[in-house]
Amino acid sequence: MTAPDRRHPADAAVAEAAAEAYTRIVAALIRITGDWTLAEDCAQEALAQALSRWPESGVPDNPGGWLMTVARNRALDQLRRASVERRKLRELAVPALTAATGGPAPEEGEDVVDDRLRLIFTCCHPALAMEARVALTLRTICAVPTRDVARAFLVSESAMTRRLTRAKTKIADARIPYRVPRGPALAERLPGVLAVLYLLFTTGYDADGEPAFAAEAIRLARLLAGLVPGEGEPRALLALFLLQNSRRDARRDAAGELVPLDRQDRTRWDRAAIAEATGLLRDLRHTGPYVLQARIAACHATGDADWPAVARLYDRLAALQPNPVVELNRAVAHGYAYGPRAGLAVLAEARTGGALDGYPLALAAEADLTARAGDRARAAGLFREAAARTHSEAERRALLTRADEVA
């Protein structure tokens, strides 16, 4: 028998307010104070006070505004007690925090930009290593606890705390500006931001990934697309995430085993997400890499794939963004569009240089193409080799099942 949910209704209100307001509060306080740790601590303390007070006093009419006020007052209190070493920060930040607007006006010539967008671009700055960008995004923007970020990166919580501290210190020491680039600089920096969100999504969508990370990537992609509406690639990235994630519930069977795309129960696909994604793509004339990837995903999500069309899209993607993984997927598409031997020929070209040597997905793709070309014994061996090389237990079992099927 399942125990009843004894949580107070205020707890749910705090969780809902935190989801909407936490990033906004942290971003605003960082803009005003320039102190990441202070901003995060004050936002967390505001949430703790809400959990303590709202069950007795009731949920305020404007929960997010209540949290912002408490966090700002806490920051004021901290800064007014600041040591001599932080006197300059106190002199700059206290007047801004005291102001009715909650912060200073934008500098002359600066567009009024959502603080959350500034925070996204700061966390994703190219001066930071990619792993640090993803970790900082998870911790600061998504409010994922440090212990969960550490688990995702297979390190201890103390090690992740040190990494996050180093990333924040580097932002401060390098004087990385807390702003959104404009004009050509925006076009130059935006792909790096999108790459962080893409890596965040794949970290959650992988066979043994943490689903909450994929959900956070979708939320951030939705936020980014809304904050830069004139840019096509953020909309396309959101569409790609929605299309991929629409199949999450169908990826495993009742026993928890992975189910290949062509064997999935399509009634379990999220049709609302697919409809939203196709709507996002409908008016896009842009032909960037995420647009092409989203259109490929749409080919799979809206019915039986038109493989020649998928192959043509991969041809365009490979010309625009040449890399071994794109070439691997292009080989699979050509194998289904023009026959397995055509796919094997493209795969052989993709292997030039050795970038795909030992890569489990490349071995699995070669195995599938080889089986369809008629050499089932060799295909079984390739599936087993792929199984031996993968780090995912779920993928290993699926590959061994395929080996048994074709043997």
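Report follows, based on the coordinates.

Definitions and cut-offs
Residues numbered from 1 in each chain as written. Predicted model: local features only at pLDDT ≥ 70, side-chain atom pairs only at ≥ 80, totals over all residues. Heavy atoms only, no water. Helix = DSSP H or I, 4+ residues; strand = E, 2+ residues; numbered from the N terminus. Buried < 20%, exposed > 50% of the residue type's maximum accessible area, 1.4 Å probe, protein only. Contact = heavy atoms within 4.5 Å. Phe/Tyr/Trp six-rings, centres within 6.5 Å; stacked < 30°, edge-to-face > 60°. Lys NZ or Arg CZ within 6 Å of the ring centre and 35° of its normal. Salt bridge = Lys/Arg side-chain N within 4 Å of Asp/Glu carboxyl O. Core = buried A, V, L, I, M, F, W, Y, C linked by side-chain atoms within 4.5 Å. Polar contact = N/O pair within 3.5 Å; in protein donor to acceptor, adjacent residues only side chain to side chain. Disulfide = S-S within 2.5 Å. Expected span 1.5 Å × (residues − 1). Bend = angle between axes of the 7 residues up to and from the residue. Axes fitted to C-alpha atoms, helices over the stretch in contact; angles between N-to-C directions. Parallel < 35°, antiparallel > 145°, perpendicular 65-115°, else oblique. Left-handed = near helix turned anticlockwise from the far one by under 90°. Nonpolar A, V, L, I, M, F, W, Y, C, P; charged D, E, K, R; others polar.

1. Comments concerning the overall build of the protein chain
So, point 1. Scanning the protein chain from terminus to terminus reveals 19 helices and zero strands.
So, point 2. Taken over 407 residues, the protein chain has a buried fraction of 46%.
So, point 3. Summarising the internal contacts of the protein chain: among those between residues at least 6 apart in sequence, 60% fall at separations of at least 24.

2. Some remarks on the packing of aromatic side chains
So, point 1. Counted under the stated rule, the structure contains five aromatic pairs.
So, point 2. With 5.9 Å between their ring centres and 45° between their planes, Tyr198 and Tyr290 make a pair best called tilted. Note that Tyr198 is positioned in helix α9 (residues 184-205) and Tyr290 in helix α13 (residues 289-301), a separation of 92 residues in sequence.
So, point 3. For the ring pair Phe201 and Tyr205, a centre distance of 5.4 Å and an interplane angle of 15° mean the geometry is stacked. Remark: Tyr205 and Phe201 occur in helix α9; sequence separation between them is four residues, near one turn of the helix.
So, point 4. Members of the aromatic cluster, joined through ring pairs, are Phe201, Tyr205 and Phe241.
So, point 5. For Arg247, the ring lying beneath its charged end belongs to Trp269, and the centroid distance is 5.9 Å.

3. Structural notes on unusual backbone geometry
So, point 1. One non-glycine residue, Arg175, adopts positive backbone phi at about 55°.
So, point 2. Secondary-structure assignment places Arg175 in the loop between α8 (157-173) and α9.

4. Thoughts on the pattern of salt bridges
So, point 1. Tallying each qualifying case throughout the model produces 18 salt bridges.
So, point 2. Residues Arg219 and Glu216 are paired through a salt bridge, measuring 2.8 Å at the closest nitrogen-oxygen approach. Of this pair, Arg219 and Glu216 both sit in helix α10 (residues 211-227), three residues apart, which is roughly one turn of the helix.
So, point 3. Arg397 is the partner of Glu257 in a salt bridge, and the nearest nitrogen-oxygen pair spans 2.9 Å. Here Arg397 lies in helix α19 (residues 393-406) and Glu257 lies in the loop between α11 (232-245) and α12 (271-282), a separation of 140 residues in the sequence.
So, point 4. Overall, Glu257 belongs to the partly exposed group, its relative accessible area being 26%.
So, point 5. In this structure, a network of salt bridges that share partners links the residues Arg263, Asp368, Arg372, Arg402 and Glu405.

5. Comments concerning the nonpolar core
So, point 1. Leu119 and Leu224 are the most contacted members of the largest nonpolar core, which has 90 residues in total.
So, point 2. Ranked by residues supplied to this core, first place goes to helix α1 (residues 9-33) with twelve residues.
So, point 3. Leave out the neighbours within four places in its chain, and Leu119 touches Thr23, Val26, Ala27, Ile30, Trp36, Thr140, Ile141 and Tyr178.
So, point 4. In this structure, Ala367, Leu382, Phe383 and Leu399 belong to the second largest nonpolar core, which totals 13 residues.

6. Describing the side chain of Arg139
So, point 1. Looking at the secondary structure, you find Arg139 in helix α6 (residues 130-141).
So, point 2. Within polar-contact distance, the side chain of Arg139 engages the side chain of Thr146 at 3.2 Å.

7. Digging into the state of the cysteines
So, point 1. One pass over the full model with this rule turns up zero disulfides.
So, point 2. Cys123 takes part in no disulfide bond, and the closest cysteine sulfur, belonging to Cys124, lies 6.3 Å away.
So, point 3. With a relative accessible area of 1%, Cys124 lands in the buried category.

8. Some remarks on α9
For an α-helix, the turn length of 3.6 residues means that residues three or four places apart are oriented alike.
So, point 1. For α9, with 22 residues, the first-to-last C-alpha span of 32 Å sits near the 32 Å given by 1.5 Å per residue.
So, point 2. Along its length, α9 reaches its greatest deviation from straightness, about 25°, at Leu190, and the proline Pro191 lies no more than four positions downstream.
So, point 3. Every buried residue of α9 is accounted for by Leu186, Arg189, Leu190, Val193, Leu194, Val196, Leu197, Leu200, Phe201, Gly204 and Tyr205.

9. As for the packing of helix α17 (residues 360-372) against helix α18 (residues 376-389)
So, point 1. Two numbers describe how α17 lies on α18: the axes approach to 8 Å, and their chain directions differ by 165°. Taken together, the axis directions place α17 and α18 in an arrangement best described as roughly antiparallel. Relative to α18, α17 is oriented so that their crossing is left-handed. For the pair α17 and α18, the contacting residues are Pro360, Leu363, Ala364, Glu366, Ala367, Asp368, Thr370 and Ala371 in the first and Arg376, Arg378, Ala379, Leu382, Phe383, Glu385, Ala386 and Arg389 in the second.
So, point 2. Looking at side-chain class alone, the contact of α17 with α18 contains nine nonpolar, one polar and six charged residues.

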